[in-house]
Each structure stands twice: as C-alpha cells, then as structure tokens.
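Structure at a glance
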Amino acid sequence: MRNGSCLRSGHKPWGNLGRSRAAGTRGAEPGGMARGSQEAPQSGMNWFLGTVLLLLLLPDVAAGQDSCSDLHRGDQHRECCSVALEQQSPGSSTRVLRLSQHCPELWRSQSRACACLRERWLRLLQSGRHGWLAGLKALILNVSRAVTRDVLVAFSPTEGPSRLNSTEKGKAGKIHLPREIFRSLSSQTVRVVVTVLNIQQLGIFKEVNQTAQVLDNTVVGITVGESSISGLQDPVQLTFTHTELPRGVTPQCVFWDPSRGQAGGWSGSGCVTQPGDEGTVCSCDHLTFFTLLLNPALDGSTAKAVMAVATAGCGVAVAFSIFTMAFCIFVRCRFRFEDTVRTNLGLHLNLVGSLLLLNLAFLLNSGLSGRTHPSTCGVLGGLTHYCLLCCFTWTALEGCQLYLLFVKVLGIYIHHYLAKLCLVGWGFPALVVGVAGAIGSYGEYSIQTMDQQVIAHLCWITSKHLLVHYITNCGYFGLIFLFNMAVFGVAAQKSCSLQGTGAVQGNRKPWKVALVAAGLFCLLGATWALAFLTYGISSAAVLYLFTVLNSLQGIFIFIWLVVLYYPKTKETTGSLSYIIRHDKTTTASQD
C-alpha cells in the first residue's frame, strides 16, 4: 500500500530488504562446500530482487515526500522538531495539535517536513475532529442548504463560540455568515466549524519578525463544508470587540496565509477594516483563520531610521537657513525695492530664522535627552516647543501678508508694520510656553512600542499633559493651515484671472510660475500638514516623507527666494511684486 506521508519516520520500504539480505548472509555459514555453493546463487538472487524492488519503491518514497494529502501523522520527523515524540499513537489528533507547544521551529522553518506538518495541523483544526485542548474551543453546526436566515455566531476569548439568535445582543464578538454561502453548495446539509484559538497558549500562527500584536491573542477560524470558499459577493463579517485601543496603534483585519513569507504570515488581502469605538468590523470575501492585528504606528527600526534621517536633514537645513538669511539681508540692503517687497523679505527672514532655531533645538534635544537633569530637560522641552510655535506663528503671518496683498489690494499703511509682526511672531509663542511651563507640562517624553519597549527619549511635553500638545500644536496649526490654504486659493485665483485678461505681460516662464506657487505652498506650512497623515497602515512612509520635506524646507525656501527676488533686467515684470502692484493699479482704476 502506498504511503503518502512525508513525515512518517516509520515508513521504511527498504528495511525488510536489509533484513532479507542479512538473513541470506547468515545462511551462508561454513558447513561444507556443497551447502555454500547452493547458497551463493540464492544470495545473488536476493541482491538482484532487492535492487529491483528498491528501484520500484523509490517513486513511492519521493511521492510521499512531495505530498501531504495522505499524511496521517507528523510528529515524528526530527528535521522539523528536535523534541522526541515517536511514542505517540498515530491516531491521536490532539497530540499532533499539541506539538506546536513543544516545537517553536514549526512556525519558522521552511523545510518540507515543517510545511507538511503545518498543513496537517490546519486541516485538523478545520475539520473539527479533535479532542479537548487548552486554548482551543470549537463549535460544530449542521446547516441546511435551504436556510432562510443568515447564520450568527458569538465568540469570546474565554467562552469560545456559541450560536447566536438574531434578537440577542451582547458584548461578545460576532460572526455573520450570509445565507448565500450555503445556497451555493451542492450538499443538502453542510458542516460548519467555528474555532476560537488562543495562539499564546497553543504557540501557533507565529509570523517571522512580526511587530504587530494580535488582539487578545485570539484567532477565529471558519470552515464551511469540505471545499475552500473564496470570492464571496456578500462578505462574511467578524466583529472583534475591544475597549479603547492604545494610543499609536492601528487595527487591521487579516487572515493567515500559509504561502506568505518564510513559513506563513498575516495578510489583509480581501478584507476591509471598519474601526469603531467598541469594536472593529472585518468584512472578508473568503473563509479561513482571521484575527485583528494592532499595528504600531512606529516600531524600533523605523524610529531609528527616521531619527537618523531627521538628524542629517536638520544639519543640512541649518546650513541653508544661514545662507537664506544672509541672502535676504544682502538683497534687502543691496537693492532698492518698494516697501511691500521689503516687508515681504523681512517676513521671510523671520520665518527662516525660526526654522533655524527649531533645527538647532532639535539637534540639541536629540543629543542631550536622556542624559540631562529633569529641570534641564524641562527647559529644553520648553525651548523646542517655543521654536515650533514660532514657526507656526510666522507661517500664519505669511498667510496674513498674502491676504493683505491679494485681497486688500488698496494701499494699507500700518506704522512700524514689521516691528508689530515681530512682536506677535516672537511674543505670542513665549506667552503660550510660559503658561504651559507654569503648569509643569515639560519634561522627558518616552516613545514606546506596544510592548512597552522604549524607542527614544525626548525633552518635550510629558505624557501627563498631552492635552497641551493637542491644543497648542495640533489645534493651533490646524486653524493656521485652514486659513492659509483659503488664502492660497484666493491668491491662485487672482493670479490666474490677471493672466487670463492679459493684464500681466512679460516673459513669464511656466516653470517659474510653478516654482512661485510651490514656494508659497511651502511658506504657508503645507509640509507640516503631513503630520496629520502619520496615522494608519501607511504611517511609516508618511513619516519618512514628513521628515525629509520639513528637514529640507530651508533648501526649498532658499531656492525660491533666489529665483523670485534676485533682480534680472529682462524678467522684472514677472515677479510677484509686479503682479501685486499691477493688481492694485487695476483695482484703483476700476473704483
């Protein structure tokens, strides 16, 4: 009989041949020439028959190593597991399931032996034909093909699965199987197996280098009938109940894909995640083993890489901020501009100065945090917060200036205008930081993963005063960004209308127009808005983009100012000041 097991160590088709050969050899004992001459042809015939039978059985052995379809037992193969379990009875399914508790390499090894064992393991779970096992609870239902209602099953990590009526309500998780699943099957009655597994107790479903955490260590398996079901038009829904999720994590509905990675892994293909306050709903178009992963917004390796990129970018930004400030001072003193342009240059100079201070504060913070006295760390955290608020405030003042230039186009004279802007730009953040410091908001802030592993230390707003961060940073910048984007839209509309009427003439190259728009977009704080997108599955990529763009903001402003403000005799009519001045003249003549 052919044995298809690739793991059954007791399957040795050549063992009897070895024993026959040994028996034949023992038969040729010295007992006379006549007896020896009779045994010699016998021994030669055994050799011949043994070789032929071995060659005939080699395909059978190879087939057994390439297929797991007839696998009866997989706990004896030492290639996968170093634990000796040869004495277990071949018919014990529960002992096969318990193997993962003693065999950590089962879910890491890429060997064919482990692959066969994992396949056998999953089949036993899907069949429901297993005995009691700690960490595994199953529900078996026989559902008619003519069922008129959707099948509802409740589950919890402690109680396991149970049948649920449509009128019942509870805090447990819920599985919703649409009745279309059963109507598409050929059998009149189908077997439904729902399993709830504690993967920590069972030691299963371990993805190599997994950084996300499984919610409550719970995995739910759903099997309907004997065949695989996928491509459902009406998806199956699983509701994983939970309290408020930890800060900095993102839920994701996933299923176990045996073909993913080295030895299987979690995949979100075919599943839609709908987060909620009391639970997350997973809608999937197939049936298998599901769970809810809690993905950290920032893991250790990503944090170190982002910190390295930020440190290098800040160093470059410091150099270009100095170049930009020197260029603004040189242009403002060397060339004669009208008052509006000189005010604009003064605004840009202060904005770049605040960026320079912020980059220096960040470099000082990252270099000294974790090694300073608590009071010193509090001062350093307040300084960093002050520099950040100065950047936001000067960004808002850039938007106000743009509003006055493009909307209030008639001449408005304000005595000591730039000095008053400096009072707001540098004084208001000092007032906010003073109030925050008075209530003890600053100190050491630790960035941690979900398993409480500290990634980095910063002198910043402490975890006890996160409300200060949400109000003074997120809320304050959110209002500034909305205002500046509205002003940018008005300015873009005004510029396009002037070009459409032919009011602006001269050699205005398209790339220069695009550069002016991009520079304004940068001045108005668009790159800072990426911070609101650093939550979710793609948060790592957005973090890199946010870090790179804001670190190189000094370079962008430097290039923008050189192209826009450095006088060129043939392109003076293409400058921003010419557009504003012509807009003022046109509006005055219309009035």
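What counts and what doesn't
Residues numbered from 1 in each chain as written. Predicted model: local features only at pLDDT ≥ 70, side-chain atom pairs only at ≥ 80, totals over all residues. Heavy atoms only, no water. Helix = DSSP H or I, 4+ residues; strand = E, 2+ residues; numbered from the N terminus. Buried < 20%, exposed > 50% of the residue type's maximum accessible area, 1.4 Å probe, protein only. Contact = heavy atoms within 4.5 Å. Areas by Shrake-Rupley, 256 points an atom, 1.4 Å probe, with all protein chains shown as cover. Patch = residues over 30% accessible without salt bridge, like charges linked within 9 Å, V, L, I, M, F, W, Y side chains within 5 Å. Salt bridge = Lys/Arg side-chain N within 4 Å of Asp/Glu carboxyl O. Expected span 1.5 Å × (residues − 1). Bend = angle between axes of the 7 residues up to and from the residue. Core = buried A, V, L, I, M, F, W, Y, C linked by side-chain atoms within 4.5 Å. Axes fitted to C-alpha atoms, helices over the stretch in contact; angles between N-to-C directions. Parallel < 35°, antiparallel > 145°, perpendicular 65-115°, else oblique. Left-handed = near helix turned anticlockwise from the far one by under 90°. Nonpolar A, V, L, I, M, F, W, Y, C, P; charged D, E, K, R; others polar. Pairing = 2+ DSSP bridges. Phe/Tyr/Trp six-rings, centres within 6.5 Å; stacked < 30°, edge-to-face > 60°. Disulfide = S-S within 2.5 Å. pLDDT = per-residue confidence, 0-100.

Another point: the overall build of the chain. When its secondary structure is counted, the chain shows 15 helices and 15 strands. Looking at the chain as a whole, 45% of its 591 residues are labelled buried. Within the chain, residue pairs in contact and separated by at least 24 positions form 73% of the contacts whose partners lie at least 6 positions apart. With the model as given, the accessible surface of the chain reaches about 30600 Å², and the carbon-plus-sulfur share is 59%.

Taken together, the side chains of Tyr403, Val407, Phe483 and Val490 present a nonpolar region at the surface, about 280 Å² in accessible area. Along the polypeptide, Val490 turns up in helix α11 (residues 466-501).

The next thing to look at is helix α10 (residues 417-438). In a regular helix each residue adds 1.5 Å, so 22 residues correspond to 32 Å; α10 covers 31 Å between its end C-alpha atoms and thus fits that length. Along α10, the helix axis deviates most sharply at Gly427, where the bend reaches about 25°; the proline Pro429 sits within four residues downstream. Gly440 occupies a position one or two residues after α10 and carries a positive phi of about 75°.

In this structure the tally under the stated criterion is one salt bridge. Two residues, Arg179 and Asp150, come together in a salt bridge whose shortest N-O distance is 3.2 Å. One end of the pair, Arg179, is in the loop between β4 (173-177) and α5 (180-183); the other, Asp150, is in the loop between β1 (136-144) and β2 (151-156), with 29 residues separating them in the sequence.

Time to look at the nonpolar core. Generally speaking, a soluble globular protein has its nonpolar side chains buried in company with each other. Judged by nonpolar contacts, the single largest core of 54 residues is most densely connected at Phe392, Leu402, Trp528, Ile557, Trp560 and Leu561. The greatest single-element share of this core, amounting to 13 residues, is contributed by helix α9 (residues 374-406). Leave out the neighbours within four places in its chain, and Phe392 touches Asn473, Tyr476, Phe477, Ile480 and Trp528. Grouped together as the second largest cluster of nonpolar side chains are 35 residues, Ile229, Val236, Val249 and Cys284 included.

On to the environment of Leu418, then. For Leu418, the position within the fold is in helix α10. Sequence-distant contacts of Leu418, defined by excluding residues within four places in its chain, comprise Arg332, Thr343, Gly346, Leu347 and Asn350.

Turning our attention to the packing of helix α8 (residues 339-368) against α9. Geometrically, a packed helix pair is captured by the angle between its two axes and the distance between the axes. Orientation of α8 relative to α9, taken along the N-to-C sense of each, is 160°, at an axis distance of 9 Å. Between α8 and α9, the interaxial angle falls into the category roughly antiparallel. Where α8 crosses over α9, the handedness of that crossing is left-handed. Its residues placed into classes, the contact of α8 with α9 shows 16 nonpolar, 10 polar and one charged.

Within the open sheet, the six strands sit side by side as β3-β2-β4-β8-β12-β11. Their pairing is antiparallel. Strands with a single pairing partner mark the edges of an open sheet, and in this sheet they are β3 (160-164) and β11 (271-274). Neighbour-to-neighbour, the strand axes of the sheet open up by a mean angle of 20°, direction not taken into account.

The next point concerns the packing of aromatic side chains. For the structure shown, the criterion picks out 14 aromatic pairs. Seen from their ring centres, Phe155 and Phe240 are 5.7 Å apart, and the 75° between their planes marks the pair as edge-to-face. One end of the pair, Phe155, is in strand β2; the other, Phe240, is in strand β8 (residues 236-241), with 85 residues separating them in the sequence. By relative accessible area, which is 5% here, Phe155 ends up buried. Three or more aromatic residues joined by ring pairs form one cluster here, namely Phe392, Phe477, Phe481, Trp528 and Phe546.

Turning our attention to the state of the cysteines. Overall, the coordinates contain three disulfides when judged by the stated rule. Between the sulfur atoms of Cys253 and its disulfide partner Cys282 the distance amounts to 1.9 Å. Where Cys253 bonds to Cys282 through sulfur, the torsion about that S-S bond is close to -75°, and the disulfide is left-handed. Separated by 29 residues along the polypeptide, Cys253 in strand β9 (residues 249-257) and Cys282 in strand β12 (residues 279-284) bring together distant segments of the chain. A residue is classified by how much of its surface remains accessible, and Cys253, at 2% relative accessible area, is buried. We classify Cys282 as buried; its relative accessible area is 2%. Here Cys377 engages in a disulfide with Cys459; their sulfurs sit 2.2 Å apart.

For Thr324, the location among the structural elements is in helix α7 (residues 300-334). Look at Thr324 and you get buried, because its relative accessible area is 0%. Once residues lying within four places of it in the same chain are set aside, the contact partners of Thr324 are Val352, Gly554, Ile557, Phe558 and Leu561.

Bringing the pairing of β8 into the picture now. Across three bridges, β4 lies against β8 in antiparallel orientation. When the bridges of β8 are listed, Ile175 appears paired with Leu238. As paired elements, β8 and β12 share six bridges and run antiparallel to each other. Directly across from Thr241, in β12, lies its bridge partner Gly279.

Turning to helix α14 (residues 553-565), a few remarks are in order. With 13 residues, α14 extends 18 Å from end C-alpha to end C-alpha; this agrees with the ideal 18 Å at 1.5 Å per step. The set of residues buried in α14 consists of Gln553, Gly554, Ile555, Ile557, Trp560, Leu561, Leu564 and Tyr565.

On average, residues of the chain carry a pLDDT of 74, and 69% of them reach 70 or more. The element-level mean pLDDT for the chain is lowest in helix α1 (residues 15-27), coming to 37, with α10 highest at 95. pLDDT under 50 marks residues 82-91. Its contacts with residues more than four places away, or in other chains, come to 20 contacts. A low-confidence stretch, residues 569-591 (pLDDT under 50), is modelled with 34 contacts involving residues beyond four sequence positions or located in other chains.

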